[in-house]
Amino acid sequence: MLEARGLTCSKRDRTLFEGLSLVVDSSELLYLRGSNGAGKTSLLRILTGLSSPDAGAVLYNGVDISEDKAGYYHDLFYLGHKSGTNGSLSALDNLSFWLAQHKVSVPDNTLFDVLEKVGLVGLEDVPVRYLSAGQQRRVALSRLWLKPAKVWILDEPFTALDVKGVNLLETSMKEHVSNGGLIITTSHQSLSNAAGEHRVFDLEYRF
Amino acid sequence: MSLYKGIFKRDMHIAFKQKAELVQPLMFLTMVVTLFPLGVSPSPDTLQRIGPGVIWIAAILSSLMAMERLFRDDFQDGSLEQYMLSGMALPAVSAVKVTVHWLVSFVPLFLLSPLLAMFLNLTVDMYIALVLTLLLGTPLLSLIGAIAVGLTVGLQKGGVLLALLLIPVFIPLLIFATSAVDSAALQLPYHAQLAIIAAMLLLAAALAPFAIAYSLKVSQN
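Residues numbered from 1 in each chain as written. Chains lettered and ligands numbered in written order. Predicted model: local features only at pLDDT ≥ 70, side-chain atom pairs only at ≥ 80, totals over all residues. Heavy atoms only, no water.

### What about the environment of Arg 129 of chain A?
Residue and element names in this part refer to chain A. Selection criterion: Helix numbers and strand numbers start at the N terminus; a helix is a DSSP run of H or I with at least 4 residues, a strand a run of E with at least 2. Note on contacts: a residue pair is in contact if any heavy atoms of the two residues lie within 4.5 Å.
With respect to the secondary-structure elements, Arg 129 resides in the loop between α4 (108–117) and α5 (133–141). For the pair formed by Arg 129 and Gly 87, sequence separation is 42 residues and the distance between their alpha carbons is 4.3 Å. In contact with Arg 129, other than residues within four places in its own chain, are Gly 87, Ser 88 and Gln 136.

In structure tokens form, the structure reads like this:
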């Protein structure tokens, strides 16, 4: 269970949100909606602990995430606007270095299975910067199926993905939720039925 | 431990894939050094007198060029976020990254140093002193530089600001390093200068990783 208590965040003298509280249970998909500049990304970054709120706290299973970082990060997968892949490394290198950092050990054939799933067969040795934007996104997303994380926090995961990619991701979201996972995602296009049931949380733009 | 070895391997791998960035600062350094005989005076005595200072100044300037590489790519492509979310100790990650940076940007300088010493007519004693000061001083450049890189990495055009922040900080190092080589030229002992540089290095090695980690965290906000 992920809980936000009384979060306040201001950027450049503009308050994005104030006293925001929010609870997301296991087996739940929260779809965060809001116009550009409403503070979706800021909220997600606070929920991951990457940035700190001006007031309030984030709790995972009742424990403040700043107190048990290792425990929270063991269960967390976060994908932001930046893909977290190095352009001069191949998809395979990027993934294996990332998996090692996150202490996930995966047999080689699983790695290839996932690459096949996201449609990157034959491209695994190409430096990532030579791939198209959508393919780069797929490299970043393939971590979803590699790290057994309970909490997914996805910031605009559908950017640059084609129809098939969007569908694959939505189906995986549904599957993850039915397995007791917890997802918080933002997107400018609304989620389709493939993503399953979801709760919408609107973030108002404030002046 | 193997975690940090993984980062070491990754960074080495990336550094050797970007060979241009590896070679450019070294070429810059060599060129700056060769400008002095042309611009100041080609007389062997003058060169010998200004030599140590020239090599040190050129090393500092060229290190500024390579410094930004330390965290720039990782910040821009989001790898830094992923490090922070992996539960690894950020000071240790920073220490590993600084080590890699020192190995790839300064170790080639040592290979180049006999050539530079010959350009500037340094005696053997002076050369030994120079190498010793570089050996103790360049890790200090990397460690202190990394703090400033951490602070400026989030800015759009941090390059010049980085130089403005760092050059004043490097002045004490420059003074003690060149004074050591000057003493060596006069056949005087220079242990004191080396000891001071070593003390600065030890202090930086103990504290800088924490400062770097903090500055990186700040730049994420």
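### Overview of the nonpolar core
Under the convention used in this document: In these notes, a set of buried Ala, Val, Leu, Ile, Met, Phe, Trp, Tyr and Cys residues joined through side-chain atoms within 4.5 Å is what counts as a nonpolar core. Partly exposed residues are those whose accessible area sits between 20% and 50% of the maximum for their type, while under 20% is buried and over 50% is exposed, using a 1.4 Å probe and protein chains only.
If you look at the biggest cluster of nonpolar residues, it comprises 96 residues, and the most contacted ones within it are Leu 2, Leu 7, Phe 17, Leu 47 and Ile 153 of chain A together with Phe 71 of chain B. If we skip the residues at most four places from it in the chain, Leu 7 of chain A touches Phe 17, Glu 18, Gly 19, Leu 20, Leu 43, Ile 46, Leu 47, Pro 53, Ala 55, Gly 56, Ala 57 and Val 58 of chain A. Tyr 31, Val 139, Val 166 and Ile 183 of chain A belong to the second-largest nonpolar core, a separate cluster that totals 34 residues.

### Focus: the interface of chain A and chain B
Rules: Accessible area, probed at 1.4 Å, shrinks when two parts are joined; the buried area is that loss added up over both. Think of a salt bridge as a Lys or Arg side-chain nitrogen and an Asp or Glu carboxyl oxygen that are within 4 Å of each other.
Taken together, the contact between chain A and chain B spans 24 residues of the former and 24 residues of the latter. Summing both sides of the interface, chain A and chain B together bury roughly 2300 Å²; the carbon and sulfur share of this comes to 53%. It is Leu 50, Lys 82 and Gln 101 of chain A in chain A that bury the most area against chain B; as a group they hold 27% of the surface buried on that side. Linking chain A to chain B there are one salt bridge.

### Let's talk about helix α4 (residues 69–76) of chain B
A large share of α4 of chain B lies buried, amounting to six of its eight residues. Taken from the residues just after α4 of chain B, Gly 78 of chain B is the one with a positive phi, measuring 90 degrees.

### Observations concerning the packing of helix α2 (residues 19–39) of chain B against helix α3 (residues 44–67) of chain B
Residues and elements named next belong to chain B. Counted only if it meets this: Here an angle of 0 to 180 degrees is reported between the N-to-C directions of two axes, which are lines fitted to C-alpha atoms, with helices fitted over the stretch in contact. We call two directions roughly parallel when the angle between them is under 35 degrees, roughly antiparallel when it is over 145, roughly perpendicular when it lies between 65 and 115, and oblique otherwise. Handedness of a crossing is defined here by the sense of rotation of the near helix relative to the far one, left-handed for an anticlockwise turn of less than a right angle and right-handed for a clockwise turn. Throughout, the ten residues Ala, Val, Leu, Ile, Met, Phe, Trp, Tyr, Cys and Pro are labelled nonpolar, Asp, Glu, Lys and Arg are labelled charged, and all others, Gly among them, are labelled polar.
In the contact formed by α2 and α3, the axes pass within 9 Å of each other and the chain directions differ by 150 degrees. Considering the angle they form, α2 stands roughly antiparallel to α3. For the pair α2 and α3, the sense of crossing is right-handed. The residues of α3 that touch α2, namely those facing Pro 25, Phe 28, Leu 29, Val 32, Val 33, Phe 36 and Pro 37, are Leu 47, Ile 50, Val 54, Ala 58, Ala 59, Leu 61, Ser 62, Met 65 and Ala 66. By residue class, the composition of the contact of α2 with α3 is 15 nonpolar, one polar and no charged.

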